[in-house]
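Architecture and fold: a report
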Amino acid sequence: MRGRMGYWFVLLALILSMAAGCGSAGGNEAQNAEAAQQGEQKKDAENTASEEKKAGDTQEQEELVLNERQTQDGEVQGITIRIYHGDDMAENICVNTALTEEITPEILIMNLVSYQVLPDTVTVESFSEETETAKDGTVTDKRLLLDLSSDFGSWLSSMGTSGEMIVMGSLVNTFLDAYDASAMKVTVEGQVLETGHQIYDGWLELYSYVQASYSVTSGMLQEGTVTFSYPQIQDAPDTELQSQWNERIENKVETMAAELEEGTTLTGSYDVKTMNDELLSILVSGEISSASAAYPSRFQYTYNIDMKTGENIRLAHYMDVNQIAENMMNGEGYTVDKELASEFQERLTILYGNTEQLATALKGFDFGEGQNEHPAGYSYRENGQTWLCMEVPHALGDFVNVLIG
């Protein structure tokens, strides 16, 4: 009896075991399907969140750049002109930039008045240009004739020798620079201008001037495999601004050196592109050569320092980066080395995808308020023009300098 009961017990256990097995397999399939569906939903949610985060980061980046200097569209309006004037000690002629919708003698006089070079009673009586041209019509020389009201003669005659030089030099340099002329003659009420110091009966050429009320000298980091010359500001009126930027520039070089792998060589130097009392634009170039690398890599970065506020000016602060991106993708509005022109144009879409992505990258150009970030690229100003430093594959030289406009 015990044996028969044992038989039924074993049989019952076997049936239950089989039933349990079928139920488990069916349950796993349902669970797997449900898990797969949940996985897809989770993946879709993550992708959506990622896209939203990416869009949010892009918007945040754009807002950050714009808010740094409270610009609206990052656009610059007007023509850049250079206004010459006396420095704070009234010892030298220096130069600042200004924006104007057009260049006229009256606008230049107005700007000189704003720097107290001239009294606001001075007016333009007449103005004309004399040009010499080649056979093909190209202008080879341009000279200016400016006749001012009697107030200018009285103002200039009231000056000492140094003051007279600064006033006349500031006037002449401002006009020659604005009209790209070689010489200028200044008269008063149609008559030769005479003061107690000089008779101005001839052509006046560019007066000597200083670029800025400060200077730039070289700092040097030279130890082991590192030889790096970097800029340091000297004699700036704002000593706090000078100290902060000198420390920032030096720390950048020291950080680069500290991050090198053993046996890696680092060299670097700088070039001052613009230096006046409003802007200091510096291009830093260098090379890193590692024993483990097949070839050295070159790099560039820039500083564009607002010498009034101490801010680092970014590309999006003064240029319409959306328009730049559109032009570049269309193959216009920029210039690169002729040997690289065609290949660079082809690489643009590979490197940046489309106009929108290039515009986003351009918004991220240049150091922001914090200098430890890694910008998408850099820009600098030279002779009133904007240049971009854009990274490219090593075959193209690691970076390309692009002239905008």
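Look up a bit, the structure's there.
Residues numbered from 1 in each chain as written. Predicted model: local features only at pLDDT ≥ 70, side-chain atom pairs only at ≥ 80, totals over all residues. Heavy atoms only, no water.

As for the overall build of the protein chain
Counting its regular elements, the protein chain contains nine helices and 16 strands. The buried share among the 405 residues of the protein chain stands at 39%. Excluding contacts between residues fewer than 6 apart, the proportion of contacts in the protein chain whose partners are at least 24 apart in sequence is 59%. By element, 48% of the accessible surface of the protein chain is carried by carbon and sulfur atoms, the whole surface being about 22800 Å². (Helix = DSSP H or I, 4+ residues; strand = E, 2+ residues; numbered from the N terminus. Buried < 20%, exposed > 50% of the residue type's maximum accessible area, 1.4 Å probe, protein only. Contact = heavy atoms within 4.5 Å. Areas by Shrake-Rupley, 256 points an atom, 1.4 Å probe, with all protein chains shown as cover.)

Regarding the packing of aromatic side chains
As enumerated under the stated definition, the model contains 14 aromatic pairs in all. The interplanar angle of 85° and the centroid separation of 5.0 Å between the aromatic rings of Tyr-84 and Tyr-209 together place this pair among those described as edge-to-face. Of this pair, Tyr-84 sits in strand E1 (residues 79-86) while Tyr-209 sits in the loop between strand E7 (199-200) and strand E8 (215-223), and the two are 125 residues apart along the sequence. By relative accessible area, Tyr-209 is classed as partly exposed at 27%. Counting every residue linked through ring pairs, the aromatic cluster contains Phe-228, Trp-245, Phe-299, Tyr-301, Tyr-303, Phe-367 and Tyr-378. When the ring centre of Trp-245 is taken as reference, the NZ or CZ atom of Arg-248 above it lies at 4.4 Å. Between the NZ or CZ atom of Lys-252 and the centre of the ring of Tyr-301, over which it lies, the distance is 5.0 Å. (Phe/Tyr/Trp six-rings, centres within 6.5 Å; stacked < 30°, edge-to-face > 60°. Lys NZ or Arg CZ within 6 Å of the ring centre and 35° of its normal.)

Points about the pairing of E8
Look at any regular strand and the pattern is simple: side chains alternate between the two faces of the sheet. Sheet topology places E8 next to strand E9 (residues 226-234); nine bridges connect them, and they run antiparallel. Counterpart to Gly-219 in the pairing with E9 is Tyr-230. Here E8 folds back onto E9 in antiparallel fashion, the turn holding two residues, of which Gly-224 has a positive phi close to 60°. (Pairing = 2+ DSSP bridges.)

Considerations on the pairing of strand E15 (residues 385-391)
Alignment of strand E14 (residues 378-382) against E15, held across five bridges, turns out to be antiparallel. Its bridge partner being in E15, Glu-382 is matched across the sheet by Gln-385. Joining the antiparallel neighbours E14 and E15 is a turn of two residues, in which Asn-383 adopts a positive phi near 50°. Bridge count for E15 against strand E16 (residues 399-404) is five bridges, and the pairing is antiparallel.

Regarding the sheet that holds strand E4 (residues 139-148)
If you trace the five strands from one edge of the open sheet to the other, you get E3-E4-E5-E6-E7, paired in mixed fashion. The open sheet is flanked by strand E3 (124-133) and E7, the only strands paired with a single partner. Contacting E3, E4, strand E5 (183-188), strand E6 (191-194) and E7, helix H4 (residues 161-179) crosses the sheet at an angle of about 135° to E4. (Axes fitted to C-alpha atoms, helices over the stretch in contact; angles between N-to-C directions.)

Focus on the environment of Leu-279
Secondary-structure assignment places Leu-279 in strand E11 (residues 279-289). Residue Leu-279 is classed as buried on the basis of its relative accessible area, which comes to 15%. In this structure, the C-alpha to C-alpha distance between Leu-279 and Arg-381, residues 102 residues apart in sequence, is 8.9 Å. Setting aside residues no more than four positions away along its own chain, Leu-279 makes contact with Tyr-214, Thr-274, Asn-304, Ile-305, Met-307, Ile-313 and Arg-381.

Some points on the sheet that holds E15
Spatially, the four strands line up as an open sheet ordered E13-E16-E15-E14, and their pairing is antiparallel. Taken across any chain shown, the strands that pair with only one partner, and hence form the sheet edges, are strand E13 (334-335) and E14. Along the sheet face, helix H7 (residues 321-329) touches E13, E15 and E16 and points at about 110° away from the line of E16.

What to know about the pattern of salt bridges
Within the structure shown, the criterion is met by six salt bridges. For Asp-141, the salt bridge is made with Arg-143, and the minimal N-O distance between the two is 3.4 Å. Since its relative accessible area comes to 18%, Asp-141 is described here as buried. Arg-347 is the salt-bridge partner of Glu-343, the closest N and O atoms lying 3.9 Å from each other. In this pair, Glu-343 and Arg-347 are both assigned in helix H8 (residues 341-352), four residues apart and thus about one turn of the helix distant. Residue Arg-347 is classed as partly exposed on the basis of its relative accessible area, which comes to 24%. Salt bridges linked by common partners bring Asp-271, Lys-273 and Glu-382 together as one network. (Salt bridge = Lys/Arg side-chain N within 4 Å of Asp/Glu carboxyl O.)

Things to note about the side chain of Thr-195
By the element assignment, Thr-195 lies in the loop between E6 and E7. Reaching out from Thr-195, the side chain makes a polar contact with the side chain of Glu-164 at a distance of 2.9 Å. A distance of 3.1 Å separates a polar atom in the side chain of Thr-195 from the backbone nitrogen of His-197. Residues in contact with Thr-195, not counting those within four places in the same chain, are Leu-156, Ser-157, Glu-164 and Tyr-200. (Polar contact = N/O pair within 3.5 Å; in protein donor to acceptor, adjacent residues only side chain to side chain.)

Side note on helix H9 (residues 355-363)
Every α-helical turn comprises 3.6 residues, leaving residues that sit three or four positions apart pointing alike. Among all positions in H9, only Leu-358, Ala-359, Ala-361, Leu-362 and Lys-363 are buried. The backbone nitrogen of Glu-356 has a side-chain oxygen 3.1 Å away, supplied by the residue at the start of H9, namely Asn-354.

Focus: the layout of surface pockets
Estimates place the volume of the second largest pocket at around 650 Å³. In terms of lining, the second largest pocket is formed by 26 residues, of which the most central are Lys-252, Met-256, Tyr-301, His-374 and Tyr-378. At the level of elements, helix H5 (239-258), strand E12 (297-306) and E15 are the ones that each hand at least two residues to the lining of the second largest pocket. (1 Å grid on protein atoms, 1.4 Å probe; cavity = no way out; pocket = protein on both sides within 12 Å on 5 of 7 lines; lining within 4 Å. Points joined across faces, edges and corners; volume = space filled by probe spheres on them.)

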